[in-house]
Amino acid sequence: MKLSIVATLYQSAPYINEFHERASASARRMVGDDYEIVLVNDGSPDNSLDLAIRLTEQDSHVVVVDLSRNFGHHKAMLAGLTQARGERIFLIDSDLEESPEWLLDFSSAMTAETADVVYGVQEVRKGNWFERWSGEIYYSVFNYLANIDHPRNIVTARLMSRRYVDALLQFREREMVISCLWVIAGFKQCALPVKKLAHSSTTYNLTKKIGQATNAITSFSEAPLRLIFHIGMIIFALALLYAGYLVFHKLVLGTPMDGWTSVMVSIWLLGGMVISFIGVIGIYLSKVFSETKQRPTFIVRAIHGQFTSPH
């Protein structure tokens, strides 16, 4: 099979039929009739699954992978890539904020650059000034801490070669940040500027974004653990200097130092730092705990459509 188009479904009912029509038209223009559209239902609470199953009855190119519950966007994408059989795999969101017609431009760029991956990058990051500003800070800090070159303002849409996807599926992480796995999988990757639409406000509020950033940094960098050690050594050195200062005043100048306020501030400051450092270590331990349990990344409840396992 020449092409697989993979998309996840979560509250996608308003878009699924139009997505199918436009994705099918783009696939036929690219490879003729040799393609499949893999739709992964990530426990969507609306009737996305029913609409997708109806598409399998109307179009033999459509395959629906129904997960047993909501596992999250990243794991649902991985489930779709696992089922895809194409020589080229086009991963895209189904909410039409990313255009299925990008497939043709991505394919042309992949051929011209002899690349294994062509991914979309937003010309202008959507959102208000705070989201754009905080996004720039996040990417700068993350790339520094993780020591990788994570592209800024990427979108889900990407066209990938078979060998790249096979390499990507070798990762067995449970606590995954798939955009980082895309980077460290390697191969030649090319960016293509795109204009992403915005049909609705993002579901990622500030709390979720902070959680996502924390997960990404602790999954791909040990820098926070090294930082704890360095801060501890700095505090130890400052404490020695201050102790020497107190001894000097007592023995040489004969003036003992007062200052219960400074003592209490120091106790609160150091106590807060110790608790936060324990929290950082706890995050890493929780990841080790999660990985050692070896729970499945996702569970498929059923597969609908004309699908034959590549294995």
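Before reading further, recall that the structure is shown in the block above.
Residues numbered from 1 in each chain as written. Predicted model: local features only at pLDDT ≥ 70, side-chain atom pairs only at ≥ 80, totals over all residues. Heavy atoms only, no water.

(A) Highlighting the pattern of salt bridges. Following the criterion strictly, the structure yields seven salt bridges and no others. Across the pair Arg 85 and Glu 36 runs a salt bridge, and its minimum N-O distance is 3.2 Å. Within this pair, whereas Arg 85 is found in the loop between α3 (73-83) and β4 (88-91), its partner Glu 36 is found in strand β2 (residues 35-41), the two being separated by 49 residues in sequence. Among the residues examined, Arg 85 registers a relative accessible area of 24% and is labelled partly exposed. Among the ionic pairs, Glu 98 bridges to Lys 196, the shortest N-O distance being 3.8 Å. One end of the pair, Glu 98, is in the loop between β4 and α4 (102-113); the other, Lys 196, is in the loop between β7 (189-194) and α8 (206-220), with 98 residues separating them in the sequence. For Glu 98, a relative accessible area of 0% translates into the label buried. (Salt bridge = Lys/Arg side-chain N within 4 Å of Asp/Glu carboxyl O. Helix = DSSP H or I, 4+ residues; strand = E, 2+ residues; numbered from the N terminus. Buried < 20%, exposed > 50% of the residue type's maximum accessible area, 1.4 Å probe, protein only.)

(B) Focus on the nonpolar core. Grouped together as the largest cluster of nonpolar side chains are 33 residues, with contacts concentrated most on Leu 3, Ile 5, Phe 19, Leu 39, Phe 90 and Phe 106. Within the residue set of this core, elements represented by two or more residues are β1 (3-9), α1 (16-31), β2, α2 (48-58), β3 (62-67), α4 and β6 (154-161). Among residues more than four places away in sequence, those in contact with Phe 90 are Leu 3, Ser 4, Ile 5, Val 6, Pro 100, Trp 102, Leu 103, Phe 106, Ala 157, Arg 158 and Leu 159. Leu 67, Tyr 119, Met 160 and Ile 178 belong to the second-largest nonpolar core, a separate cluster that totals 29 residues. (Core = buried A, V, L, I, M, F, W, Y, C linked by side-chain atoms within 4.5 Å. Contact = heavy atoms within 4.5 Å.)

(C) Representation of the side chain of Thr 156 within the structure. Residue placement: Thr 156 occurs in strand β6. Relative accessible area serves as the criterion here: at 10%, Thr 156 is assigned to the buried category. If we skip the residues at most four places from it in the chain, Thr 156 touches His 73, Met 77, Leu 91, Ile 92, Asp 93, Glu 98 and Trp 182.

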